[in-house]
Amino acid sequence: MRMRLAPLLAAHDCSVTMAERRSQAVAARIEESRALVRELRLTDLALFTEARYTRHLTQADLHTAFQDHPMAFEHFPSGSLHAPPRLLRPTDADLAAPTEVPD
Amino acid sequence: MIELREVRKAFNQGRTNEFWAIRGVSLTLEDNRVTVLKGPSGSGKTTLLSMIGCLSRPTEGRILLEGRALSGLPERFLTEVRRRTFGFIFQQFNLIKGLSVLENVMLPAYPIGRPRGALETEASELLERFALGEKARYRVEWLSGGEAQRTAICRALINGPRILVADEPTANLDTRLSRDFMSIVRDLRAVGKTVLLSSHDPEVYDSPFVDRVVQMRDGRVTDC
Amino acid sequence: MPTWLLRQKYLIDFTLSSLLRRRAKNLGLLLVYTLIVFVLGSVMLFTHALRQEAAAVLEGAPEIVLQRLVAGRHDLLPASHLERIGSVRGVQKKEGRLWGYFYDPATRANYTLMVPHDRTIAGGEVVIGAGIARTRGLARGDFYTLRGQDGQPQTLRVADVLGSGSELVSSDLMLVSEDFFRRFFGIAPGLYTDVALTVRNPNEVRKIAEKLTLLLPDTRPILREEILRTYDAVFAWREGIVYVLLVGAVLAFVVFAWDKASGLSAEERREIGILKAIGWETGDVIRMKFWEGALVSLTAFLVGYLAAYVHVYYSDAALFEPVLKGWAVLYPRFQLLPTIDGLQVATLFFFTVFPYTVATIVPIWRAAITDPDAVMR
Amino acid sequence: MLLNPAILALLGVSAIVTLLVGAATAFGLHLLREWDIASGSELQLRLERRTYLIATLVAFSFVAELVSLLLFVYNAEAMHTQFVGAMCATGVLNVNPWGWPTLFLKIAVFFTGAVWLALNHLDNQGHDYPLVRVKYGLLLALFPLVLAAGAAQALFFLGLRPDVITSCCGALFSPESAGVAAEVAGLAPARAALALAASGALVLGAGSWVLLRGSGGGPFGAAGLLAFVVAIAAVVSLVALYVYEHPHHHCPFCVLKPGHDHVGYWLYVPLFAATALALGAGAVAPWRRVPSLAHAVPGEVRRRTRLAVIGYALFYAVATYAILRSNLTMTDVWW
């Protein structure tokens, strides 16, 4: 049995070594990105860039009219991949509750 | 020695198509004899043979092997007894296609977990004895009827059973091969095995190597 | 070797040869099984790698970002706010950031214009992200014209292109000088988009954020730890959604596996009958079938997982790109950090091997209790 | 509720295992009513064949629960980033009152399952299946346990609300005082060390007694359970401190992290295996008086005890090694 599974296991081993070699390259790349993030004070990934509110997710704005509103009619595909903020989901009453700090 | 006391066997018990295949058989089978169960088809030979060989349990009555009651044992323990005591040769030979002759012979020993080397040597020796030595690596589909049966006999012998059970062994063989089979039976008896056959073939029950013929009809023994 | 181990070895040998004998029949199952592992594994590896990436890269993000809100909407922040922040103890560094979006009608893409703090860019120059360079076909030394808020075209020389290694965060960036930025967007001096704060003691971040909201009631602080936490949750959530959607596929696979396992051919039935007649016990048959399932699962899992691994890390998740990309023009090209994580593998195992095994228990048992005397009838 | 694959998997596994054990229990009840070992009827044959199904279902559920116990801990560890103030798995389990009960119930299911399988294994060696009633009686106890573990886990996960950025408003959405304590309380280390040594001596002594005299399996099982409880308490209040080289870090899960040479696996795997075996030995031992089991029981008890003693010895050795190797000196704290 060991004989027959050997190619599989070898492939797996191989992938582990390749992974190691590659991870060094990627680690260097991550270091590069981190440095840029630090330098430019970036806050978000550029994974979704077609809509403004998906580019800087963390800086998105609840009250911007129309397209910046995360609960707006979904006209961008990536909108369907992103959860609306918790506050806007119907189960959350937080919005109505009095807060110490104005938002 | 095998003793049967008032053994009865029902199928589809409690339903409308209930059917009693064996209706009270009491019988004693001595060791180192060749016994033939003879009777028309449907007379209960095979059912009786499968109960004696621990393949199934009687609905009522008792079967004793060397004085030990087998009939009440659950399947798990019946299998244990069967594996060590009985070797089976089936009418259709029942070899597993796609496996080699050697592998087929070794199959009954797998659940015992004997070391592979010893098992292979033993199986090869058995095959040599039955003139199948060169065919050990052949796949069983390529064997002739006689060779297939000899393979089945080797398989029945691999765990060193004391008793051999053969159900209609000559039904798929011509006269010459049937005689060859009976001479194998004689040899087996000569080395101390007990042989139990069911047949309605005169080549078998009229053979000079048979010690005893038990006549059956409608689930009962009519003459022994 | 102990007897029980030898026994298992015999069973495995037998089951392996019986699988190979019925290659065609098992290949279909193996293929579907592998595909399921591949799809779920790809989703898992991909989102996990993105999570890792976000966590690793955004470690460098500012500890606190302070935004001003007017009527609940993000607004520019006056320099006077900056001065007042100075009075909060524990704040090491405060910098007004200048950044904004620019929609380029020619490429139909949103760029992020930004003024860097730690590098100087001459008035007529721009540093662009690799994504922009790719889409617009720009290289160092090329000129690029944008139309500003006053309708006047502004021409910039590309001074540099940001390294493609950092594309995941920088693909859509345009770094410009402060002068240009203010002129281009018409932002008066003394106004900033928001403020980035550096805090000396990381344990004080929350305390400082709280002080800031009291000191500047019209602002909201966004903490780095929250950003990290939210990214973590968002990716986990998204992976969960995809898994929920794929549960249908897993169920279909389970039904398929059940059907395969219970629809034994007459040949297989006969085989099991023979095995039982020649001395195999019900338990032995169950164990044999268990090994069969284990071998199939192991093969499918390894092959599927490897394929997913290659897909995610070596082809850069080519199959997901269209989904993630959406309408984005500036989709970054990135390679992810390969990681194999115990939790992820265990989860994948429970989504694939576990349902397969559950689906086959009863059929296996049914096959195993075949009457041993069936072959005599 | 967090929609996360690991949580989905855990919930799914619990639901399916509950179903399987429920089915096994229902079969078991039916079997208890109709069982007549002396009968050769077809019904009896069917019931006997059904025992194979029940045993397979329980064994499978047992393995699934074991893996899901691991997954549960891993997942708690992985989620700590999503809760303010949770430094590791401990903090996540503290997020709501169902975290720890879930863990304990899962462990209880593991041990009950181990005992059931031990009894089943023994019963299968008696040609009249003498423990049928005991076995399926125990199944009646296992089912509610599995159900409770599943319910507690569901409540735990449904009650989880990660502290993420809530739409626009940044900070101060989730005060740190939300009850997420990152630590579990420990005993005084000195007392823990004493208890650990005493329970270790007790369980190894009881094990040796069984191996030498061939009796006393029951007390060994009890000693094993005691040793398990003490050992876990000692890991929390003593061993963990030395592993982390920090006098106040009590987390029983962080030892599983790669940063500590996987010492956690060397502690927990032998401990859990040994306790399961000891409980099995304890459950098997009383049946030596049953005639059909008389030949099987001593061998079973001895085999389990031998393995269990090895497991405990390994655990104590690793724990001692972890303490001796450590750079932490606790002189000021408790000597």
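Residues numbered from 1 in each chain as written. Chains lettered and ligands numbered in written order. Predicted model: local features only at pLDDT ≥ 70, side-chain atom pairs only at ≥ 80, totals over all residues. Heavy atoms only, no water.

1. Quick notes on the overall build of chain D
Regarding its fold elements, chain D presents ten helices and zero strands. Listing the helices and strands of chain D from first to last along the sequence gives α-α-α-α-α-α-α-α-α-α. Principal axes of the C-alpha set define a box for chain D whose edges measure 75 × 50 × 25 Å. Sorting the 335 residues of chain D into buried and exposed places 57% on the buried side. Pairs at least 24 residues apart make up 76% of the contacts formed inside chain D by residues separated by at least 6 positions. Only carbon and sulfur atoms are counted for the fraction: they give 70% of the accessible area of chain D, which is about 13,100 Å². Across chain D, the centroid of the 18 positively charged side chains sits 9 Å from that of the 15 negatively charged ones. (Helix = DSSP H or I, 4+ residues; strand = E, 2+ residues; numbered from the N terminus. Buried < 20%, exposed > 50% of the residue type's maximum accessible area, 1.4 Å probe, protein only. Contact = heavy atoms within 4.5 Å. Areas by Shrake-Rupley, 256 points an atom, 1.4 Å probe, with all protein chains shown as cover. Lys, Arg positive; Asp, Glu negative; His and termini not counted. Charge placed at Lys NZ, Arg CZ, Asp CG, Glu CD.)

2. Details of the interface of chain D and chain B
Contacts between the two partners involve 15 residues from chain D, matched on the other side by 13 residues from chain B. Of the roughly 1,200 Å² buried between chain D and chain B on both sides combined, carbon and sulfur atoms contribute 39%. Summed over the shared surface of chain D and chain B, the number is two salt bridges. Of the charged contacts, one joins D:Glu48 and B:Arg57 as a salt bridge, the two residues approaching to 3.1 Å between their closest N and O atoms. On the surface where chain D and chain B come into contact, there are six residue pairs in polar contact (both at pLDDT 80 or more). Of the residues that constitute the side of chain D that touches chain B, the class distribution is four nonpolar, eight polar and three charged. (Buried area = accessible area lost by both parts, 1.4 Å probe. Salt bridge = Lys/Arg side-chain N within 4 Å of Asp/Glu carboxyl O. Polar contact = N/O pair within 3.5 Å; in protein donor to acceptor, adjacent residues only side chain to side chain. Nonpolar A, V, L, I, M, F, W, Y, C, P; charged D, E, K, R; others polar.)

3. Description of the domain arrangement of chain D
Residue and element names in this part refer to chain D. Domains assigned within chain D are domain 1 (1–165) and domain 2 (168–335). On the domain 2 side, the residues contacting the 35 residues of domain 1 number 34 residues. Approximately 2,800 Å² of surface area, both sides summed, lies buried where domain 1 meets domain 2, with 75% of it carried by carbon and sulfur atoms. The largest per-residue losses of area from domain 1 upon contact with domain 2 belong to Val84, Phe111 and Leu122, which jointly make up 20% of the total buried on that side. Taken together, the connections running from domain 1 to domain 2 amount to one salt bridge. (Domains from an automatic or database assignment.)

4. A short note on the nonpolar core
Of all hydrophobic cores here, the largest spans 279 residues; its most connected members are C:Trp280, D:Phe220 and D:Tyr312. When residues of this core are assigned to their parent elements, the largest contribution, 16 residues, is made by helix 2 (residues 42–79) of chain D. Apart from residues lying up to four places away in sequence, D:Phe220 is in contact with D:Val203, D:Ala206, D:Gly207, D:Val210, D:Ala278, D:Ala281, D:Thr305, D:Ala308, D:Val309 and D:Tyr312. If you look at the next biggest cluster of nonpolar residues, it comprises 39 residues, including C:Ile85, C:Val115, C:Phe180 and C:Leu197. (Core = buried A, V, L, I, M, F, W, Y, C linked by side-chain atoms within 4.5 Å.)

5. Brief notes about the packing of aromatic side chains
Centre-to-centre distance and the angle between the planes together describe a pair of aromatic rings. Under the criterion given, the structure shown has 40 aromatic pairs over all chains. On the basis of an interplanar angle of 80° and a centroid distance of 6.3 Å, the ring pair of D:Tyr268 and D:Phe272 is categorised as edge-to-face. Of this pair, D:Tyr268 and D:Phe272 both sit in helix 8 (residues 263–284), four residues apart, which is roughly one turn of that helix. Each member of the pair, D:Tyr268 as well as D:Phe272, is classed as buried. Counting every residue linked through ring pairs, the aromatic cluster contains C:Phe102, C:Tyr111, C:Phe180, C:Phe181, C:Phe184 and C:Phe185. Sitting over the ring of C:Tyr192, C:Arg182 keeps its end group 5.3 Å from the ring centre. We note D:Arg50 situated over the ring of D:Phe27; from NZ or CZ to the ring centre the distance is 4.6 Å. (Phe/Tyr/Trp six-rings, centres within 6.5 Å; stacked < 30°, edge-to-face > 60°. Lys NZ or Arg CZ within 6 Å of the ring centre and 35° of its normal.)

6. With respect to the pattern of salt bridges
Enumeration over the complete set of coordinates arrives at 51 salt bridges over all chains. For A:Arg29, the salt bridge is made with C:Glu53, and the minimal N-O distance between the two is 2.9 Å. Separated into two different chains, A:Arg29 in helix 1 (residues 2–40) and C:Glu53 in helix 2 (residues 23–57) make up a pair that spans both. By relative accessible area, A:Arg29 is classed as buried at 10%. One salt bridge in this structure joins A:Arg34 and C:Glu59, with 3.8 Å as the shortest N-O distance. Within this pair, whereas A:Arg34 is found in helix 1, its partner C:Glu59 is found in the loop between helix 2 and strand 1 (64–70), the two belonging to separate chains.

7. Describing helix 6 (residues 189–213) of chain D
Here helix 6 of chain D spans 35 Å end to end across 25 residues, near enough to the 36 Å set by a 1.5 Å rise per residue. Taken residue by residue, helix 6 of chain D has D:Pro189, D:Ala192, D:Leu196, D:Ser199, D:Gly200, D:Val203, D:Ala206, D:Gly207 and D:Val210 as its buried positions. (Expected span 1.5 Å × (residues − 1).)

8. With respect to the sheet that holds strand 10 (residues 220–223) of chain B
Residue and element names in this part refer to chain B. One open sheet accounts for six strands, arranged 6-7-8-3-9-10; its pairing is mixed. Of all the strands in the sheet, the pair left with one neighbour each is strand 6 (86–89) and strand 10. Adjacent strand axes in the sheet meet at a mean angle of 25° when their direction is disregarded. Across five bridges, the pairing between strand 3 (residues 34–38) and strand 8 (residues 194–199) is parallel. Opposite valine 36, over in strand 8, you have leucine 197 as the bridge partner. Here helix 2 (residues 75–85) sits on the sheet in contact with strand 6 and strand 7 (163–167), set at roughly 75° to strand 6. (Pairing = 2+ DSSP bridges. Axes fitted to C-alpha atoms, helices over the stretch in contact; angles between N-to-C directions.)

9. What to know about the sheet that holds strand 5 (residues 68–69) of chain B
The pairing of strands in a sheet comes from backbone hydrogen bonds and takes either a parallel or an antiparallel form. Pairing in this open sheet of four strands is antiparallel, and the strands run 2-1-4-5 (chain B) from one edge to the other. The open sheet is flanked by strand 2 (19–29) and strand 5 of chain B, the only strands paired with a single partner.

10. Some thoughts on the pairing of strand 7 (residues 125–128) of chain C
Residues and elements named next belong to chain C. One ladder, built from four bridges, connects strand 7 with strand 9 (residues 153–161); its direction is parallel. Note that in strand 9 the partner of glutamate 125 across the bridge is arginine 157. Taken together, the two bridges between strand 7 and strand 10 (residues 173–175) define a ladder with antiparallel strand orientation. Its bridge partner lying in strand 10, valine 127 is registered against leucine 175.

11. Quick look at empty space enclosed by the protein
Taken as a whole, this structure holds ten cavities of 30 Å³ or more when the rule is applied. The space that makes up the largest cavity amounts to roughly 340 Å³. Lining of the largest cavity is provided by 25 residues; of these, C:Ala261, C:Leu264, C:Glu268, C:Lys289 and C:Glu292 occupy positions nearest its centre. In terms of residue class, the lining of the largest cavity is made up of 14 nonpolar, four polar and seven charged. Along the walls of the second largest cavity sit 13 residues, with B:Phe86, B:Gly87, B:Phe88, B:Pro108 and C:Ile278 positioned nearest its centre. Contributing elements (two or more residues each) for the lining of the second largest cavity: helix 2, strand 6 and helix 5 (145–157) of chain B. At three residues, strand 6 of chain B tops the list of elements feeding residues into the lining of the second largest cavity. Of the residues contributing to the lining of the second largest cavity, the split by class is seven nonpolar, three polar and three charged. (1 Å grid on protein atoms, 1.4 Å probe; cavity = no way out; pocket = protein on both sides within 12 Å on 5 of 7 lines; lining within 4 Å. Points joined across faces, edges and corners; volume = space filled by probe spheres on them.)

12. Quick word on helix 7 (residues 205–215) of chain C
Residues and elements named next belong to chain C. For helix 7, the set of buried residues is Val205, Arg206, Ile208, Ala209, Leu212 and Thr213. Buried residues in helix 7, looked at end-on, bunch into an arc of 160°, giving them a common side. On its buried face, helix 7 is in contact with strand 1, helix 3 (79–85), strand 4 (91–97), strand 12 (194–199), strand 13 (219–223) and helix 8 (224–262). (Arc of directions from axis to C-beta.)

13. Section: the pairing of strand 3 of chain B
Residue and element names in this part refer to chain B. Among the five residues that make up strand 3, four are buried, leaving the element largely enclosed by the rest of the structure. Pairing of strand 3 with strand 9 (residues 212–217), which is carried by four bridges, proceeds in the parallel orientation. Paired with threonine 35 across the two strands is arginine 212, which belongs to strand 9.

14. A word on the packing of helix 2 of chain D against helix 4 (residues 99–123) of chain D
Residue and element names in this part refer to chain D. Contact geometry for helix 2 and helix 4: axes closest at 9 Å, N-to-C directions at 150°. What the angle tells us is that helix 2 and helix 4 run roughly antiparallel. Viewed along their axes, helix 2 and helix 4 form a crossing whose handedness is left-handed. Between helix 2 and helix 4, the residues in contact are Ile54, Ala55, Val58, Ala59, Phe62, Glu65, Leu66, Ser68, Leu69, Phe72 and Val73 and Gly99, Thr102, Leu103, Lys106, Ile107, Val109, Phe110, Gly113, Ala114, Trp116, Leu117 and Asn120, respectively. Looking at the contact of helix 2 with helix 4, its residues break down into 16 nonpolar, five polar and two charged. (Parallel < 35°, antiparallel > 145°, perpendicular 65-115°, else oblique. Left-handed = near helix turned anticlockwise from the far one by under 90°.)

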